[in-house]
Amino acid sequence: MTGDRASQTNSTQPRVGLFVTCLVDLFRPGIGFACVKLLEDAGCAVEVPAAQVCCGQPAFNSGDTDATRRIARQTIEAFAGYDYVVGPSGSCMATISKDYPEILKDDSEWSERARALAGRSYELMAFLTDVLEVSPPETSFEGRATYHDSCSGLRSLGIKQQPRTLLSGVKGLTLTEMQDAEVCCGFGGTFCVKYPEISVKMVSDKIGNIDASGADTLLGGDLGCLLNIAGRLKRLGKDVRVLHTAEVLAGMADRPGIGDGDRD
Amino acid sequence: MAIAGESFKSRASSALSDASLQTSIAGLKSGFVAARARAVAALPEFEAMRDAGAAIKDHTLAHLDVYLERYEREVVRQGGKVHWARDAEEARRIIREICAAAGARTVVKGKSMVSEEIDLNAALEADGLEVVESDAGEYIVQLAGEAPSHIVMPTIHKTTDDVADLFEDRHRAYGFMDRAKSAAELIGQVRTILREKYFAADVGITGANFLVAETGSNIIVTNEGNGDLTSTLARVHIVTAGIEKVVPTLNDASVLLRLLARSALGMEVTSYMTLSTGPRRADDLDGPEEYHVVLIDNGRTEMLGGAFQSMLRCIRCGACMNHCPVYLSVGGHSYGWVYPGPMGAVLTPMIAGHEKAKELPHACTLNGRCQQVCPVKIPLPDLLRRLRHQQWEQGFIDATTRWGISAWAWLAQRPKLYRAATGLAIPVLAWLGRSSGRFRSLPLASGWTAGRDMPAPQGETFHAQWARRARQK
Amino acid sequence: MSASGREAVLARIKAALGNRLLTEAEAASIEKRMKSPPVGPRPGISGEAIEQFIAKAKGNLFTVERVVSLQLLVPAVKRLLEGVDGIPDISVAPALSHLGWPTDWDINVGPGRRIEPISVTPALAGIAETGSVILLSSSASPTSLNFLPDVHVVVLRASDIVGFAEDVWARLRSENVDWPRTVNIISGPSRTADVGGIVVRPAHGPKAVHIVLVDD
């Protein structure tokens, strides 16, 4: 099975199944490798079950609950047997830990398994901070950054301080809070293509706040939001680097930022 | 009020390019959002109050028949009359009959969203009555022939200049010949005109923020005092209220009033909170001779006892819209009916039906800020998602979305095929975008690329790289 | 007139709630809840209730004047009228009409008038939590006097200041009073922000409310 590295696991290491998320898989695999590094540095044995695709959120948020249930069961099956399931997105991990138990609660075969999976599923920053209680990693990043709180992570999972705590150890990085850091960037999954004008207005407001903070780097914990914000920043010709927090913490921020190319 | 015909999307589009509207709603953001945050920060008990408020509403809704009958009994004991209306049409008929029996010519109204919901003014005007809104904001939108764009601040879409233009045009009839320059002057005109109307009114119609079963009272909350003059000076006082407005006791109302003022305006209290109970007593020197309450269902019982019951906790504070980034982008009129913002996106399809409000549940990023500030903890994003599910089940989702989601979900359930497809496509896209790191346009992605670049994939997919790495070990 | 509406709406409610009868326990708990209503979470009161009342009332833009006896009410109103030309024309609630008002003033004892420069009415209680006054309608205190004047003078006894609205409800329940047509909880002058978001005072009611706080 692809990525089954169970043979390397020693018995005291927590076995972590990495939920890559589809956007990271497709657009920014570097975030996935940053997760692997952070988790391995923290003493975890990391595996990547091959049978994972997406958490099902696009179907769930579009009203197709039946398809979501099928995808949920596939995900539950794929991640059976791990001590923890960890992913670099508050949004996907909230779907797994909050929505799966809810949509499968009347399914006698799956409700217990959904609850069990939910109980050991974590967003990356929360896992490192709240479960493993790691110290901020010693790494460096030159920049003046501001942090966008993605909505699902913030409101469904209570992720607020964790990334900031971890970033506080990064040498050379100053973190300046922007106005309305907790306000939605306008991504909203399919919302951004269904209502592009409103979405662009919202992301433009976000960029106004990024500008006003004086930051040269935007950090966040959800690639959907970061693609949206980077996409608008680049369209406006703004020279702000956009990175996932994991990339900075793993010391893997030396490559072009999101939406930047070789020539930037 | 009739539901607007054109789409949310086209109304939103005009709203986004309306500079004056954008200026007006920006003020909401800086004003009320900040004021609420200060009020909440100053009150360590606020979270406990939200829990208590939600529990009071849940308890009452679970025994709604019991409390409504108790409430009715008390109203009757105090000499008032209670009328029950199944729908908007029946509510209008009841009120028209009360007005006719009173020989009414002039009706003054306090602010009442449910009266907007049942489109009352048009019905009364069709009977030849003069209907005058007394809340300054409602008065202004009535004069302008518009609908309120916010449930607490009806004129949030209007600047002082807009109002000055309107009054200059319409207040000559009252002898105000010169254009008023300041908000104070404009409000002074409203005060003068309404003072006469209050004394002329045969019928005063108010809403109710709460109905109290303990005493048979209705409670209204205002800052202007217009509701009080409406309910005190007219010969007949009619209260319009949704059936979900009842609470058991005065103590319960007190909990909810604390939440209401803070959530709506960021204030501890409003200037006036008034309990009206029955008509004037035998030896009273003022007050109405008749007191009627019209309890209105109009779709509420369909929410009761089911997945949408929590929506009936709503106390109409407007905090959800004040904190909604979509509302703050497009304003209230874009929503097309009486109730805008997140609560409206739930209530409109629930009351008026999906076919009249197909877009509203989707015009939301599910960011959850509304739920975070809701004083009675209504899980608005969850309710909106449930509405989307109903639409999916009932076939209200447009074909393109349905096809796209279904195709994607089909693929998502076939990991090997998905891996093969993305493993081929992504490197190509990455190669095409490697130089600039982004695309200015992409086929089938115009929704995205109209206002944003599309970041290019970094390289091969994670899973492709991970599989190779595993093979190399 | 709408008996059918009543039965239909109640039937819908009962159906939505599952058409079940209350259990004895539920009925008893509702009865108990109605007879001795629970008190919800409330803000703390800092220091003496009267001190907080005064501070909060001033924050609500009331003016507050403390006098040692009700006999000083008339002089207090006289001071408010200083600089007003002509014969004072004020309205006094019947409850306060016996206090020796100057015979050369025009005193309206009755409901409010279209033009109402000053009214003087009694409060039942003051609430320290919010700096509010509670006024009841009766033959001795018509409600229109609370809303029609330009300047509203509210007479409040210091001993009637309580912590919370719930304390007033408890008092009214225990006194078993006939419930009045109108209970006003007033927490400041009339105002609006409906034009351009600019706060304007007054809107329809008094532009100033003066509390005469009587020590007893």
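Since the structure is predicted, the reported quantities are computational estimates derived from the model, not experimental observations.

What counts and what doesn't
- Residues numbered from 1 in each chain as written.
- Chains lettered and ligands numbered in written order.
- Predicted model: local features only at pLDDT ≥ 70, side-chain atom pairs only at ≥ 80, totals over all residues.
- Heavy atoms only, no water.
- Helix = DSSP H or I, 4+ residues; strand = E, 2+ residues; numbered from the N terminus.
- Expected span 1.5 Å × (residues − 1).
- Buried < 20%, exposed > 50% of the residue type's maximum accessible area, 1.4 Å probe, protein only.
- Contact = heavy atoms within 4.5 Å.
- Polar contact = N/O pair within 3.5 Å; in protein donor to acceptor, adjacent residues only side chain to side chain.
- Domains from an automatic or database assignment.
- Buried area = accessible area lost by both parts, 1.4 Å probe.
- Salt bridge = Lys/Arg side-chain N within 4 Å of Asp/Glu carboxyl O.
- Nonpolar A, V, L, I, M, F, W, Y, C, P; charged D, E, K, R; others polar.
- Pairing = 2+ DSSP bridges.
- Axes fitted to C-alpha atoms, helices over the stretch in contact; angles between N-to-C directions.

## A short note on helix H4 (residues 65-78) of chain A
At 3.6 residues per turn, the α-helix brings residues three or four places apart onto the same side. For H4(A), with 14 residues, the first-to-last C-alpha span of 20 Å sits near the 20 Å given by 1.5 Å per residue. Every buried residue belonging to H4(A) is among A:Thr65, A:Ala67, A:Thr68, A:Ile71, A:Ala72, A:Gln74, A:Thr75, A:Ile76 and A:Ala78, and all of these are buried. Buried-residue contacts for H4(A) involve helix H3 (57-62), helix H5 (90-103) and helix H6 (111-119) of chain A together with helix H18 (380-394), helix H19 (399-412) and helix H20 (415-432) of chain B.

## What to know about the side chain of B:Ser134
Its place among the elements puts B:Ser134 in the loop between strand S3 (130-133) and helix H8 (136-144). For B:Ser134, the side chain forms a polar contact with the main-chain oxygen of B:Lys109, separated by 2.7 Å. Ignoring any residue separated from it by four or fewer positions in sequence, one finds B:Ser134 in contact with B:Val108, B:Lys109, B:Gly110, B:Leu194, B:Tyr198, B:Glu224, B:Asn226, B:Thr230 and C:His204.

## Let's talk about the domain arrangement of chain A
Residues and elements named next belong to chain A. Domain annotation of chain A identifies domain 1 (6-130) and domain 2 (136-249). Each partner contributes to the interface: domain 1 provides 23 residues, whereas domain 2 provides 22 residues. In this assembly, domain 1 packs against domain 2 so that about 1800 Å² is buried in total across both faces, 72% of it on carbon and sulfur atoms. Where domain 1 touches domain 2, the interface holds one salt bridge. Here Glu247 and Arg28 are joined by a salt bridge, their closest N and O atoms 2.9 Å apart. On inspection of domain 1 and its partner domain 2, the count reaches six residue pairs in polar contact (both at pLDDT 80 or more). Contributions of two or more residues to the side of domain 1 that touches domain 2 are made by helix H1 (22-27), helix H2 (29-41), H5 and helix H7 (124-131). Of the residues that constitute the side of domain 1 that touches domain 2, the class distribution is 13 nonpolar, six polar and four charged.

## Observations regarding the environment of B:Trp431
For B:Trp431, the location among the structural elements is in helix H20. B:Trp431 sits in the exposed class, given a relative accessible area of 54%.

## Here's the deal with the interface of chain A and chain B
Taken together, the contact between chain A and chain B spans 80 residues of the former and 69 residues of the latter. Together, the buried faces of chain A and chain B total about 6200 Å²; carbon and sulfur atoms form 59% of this surface. Summed over the three residues of chain A that lose the most area to chain B, namely A:Phe33, A:Tyr195 and A:Arg235, the buried surface amounts to 11% of that side. Note that B:Lys29 is salt-bridged to A:Asp205, the shortest N-O span being 3.4 Å. Here the element with the most residues in the side of chain A that touches chain B is helix H11 (residues 196-213) of chain A; it accounts for eight residues. Broken down by class, the residue content of the side of chain A that touches chain B amounts to 35 nonpolar, 20 polar and 25 charged.

## Digging into the interface of chain B and chain C
Contacts between the two partners involve 98 residues from chain B and, on the opposite side, 78 residues from chain C. Taken together, the links from chain B to chain C amount to 13 salt bridges. The partner of C:Glu31 in a salt bridge is B:Arg70, and the shortest N-O contact between them spans 2.4 Å. Summed over the shared surface of chain B and chain C, the number is 51 residue pairs in polar contact (both at pLDDT 80 or more). Looking at the side of chain B that touches chain C, the element that brings in the most residues is helix H10 (residues 183-200) of chain B, giving eleven residues. Of the residues in the side of chain B that touches chain C, the class split is 44 nonpolar, 28 polar and 26 charged. Pairing of strand S9 (residues 272-276) of chain B with strand S9 (residues 182-186) of chain C involves five bridges; the strand directions are antiparallel. Residue B:Ser276 lies in a different strand from S9(C), and its bridge partner there is C:Thr182.

## Let's talk about the sheet that holds strand S5 (residues 140-148) of chain A
Residues and elements named next belong to chain A. Spatially, four strands are ordered S6-S5-S7-S8 in an open sheet, and the strand pairing comes out parallel. The open sheet has two edge strands with one neighbour each: strand S6 (171-175) and strand S8 (241-244). When strand polarity is set aside, the average angle formed by the axes of neighbouring strands in this sheet is 35°. Here four bridges tie strand S7 (residues 217-220) to S8, and the two strands are oriented parallel to one another. Across the sheet, residue Leu219 finds its bridge partner in S8, namely Leu243.

## Observations regarding the sheet that holds strand S3 (residues 106-108) of chain C
All names here are of chain C. Across the sheet, six strands lie side by side as S1-S10-S7-S4-S2-S3; this open sheet has parallel pairing. One side of each edge strand has no neighbouring strand; the edge strands of this open sheet are strand S1 (63-67) and S3. Across the sheet, the axes of successive neighbouring strands diverge by a mean angle of 20°, strand direction being ignored. Pairing geometry for strand S4 (residues 118-122) and strand S7 (residues 151-157), over five bridges, is parallel. When the bridges of S7 are listed, Ser119 appears paired with His152. Sitting on the sheet, helix H3 (residues 49-59) touches S1, S7 and strand S10 (208-214), and the angle it makes with S1 is about 145°.

## Side note on unusual backbone geometry
Residue C:Pro202 follows C:Arg201 across a cis peptide bond; omega there is 0°. For C:Pro202, the location among the structural elements is in the loop between S9 and S10. Backbone geometry at A:Asp180 places phi at a positive 55°, although glycine is not the residue there. Its location among the elements puts A:Asp180 in the loop between S6 and helix H10 (191-194). You can call A:Asp180 partly exposed: its relative accessible area is 31%. Positive phi, normally seen in glycine, also occurs at C:Asn19, with a value near 50°. If you trace the backbone, C:Asn19 turns up in the loop between helix H1 (3-16) and helix H2 (24-35). The class of C:Asn19 is exposed, set by a relative accessible area of 57%.

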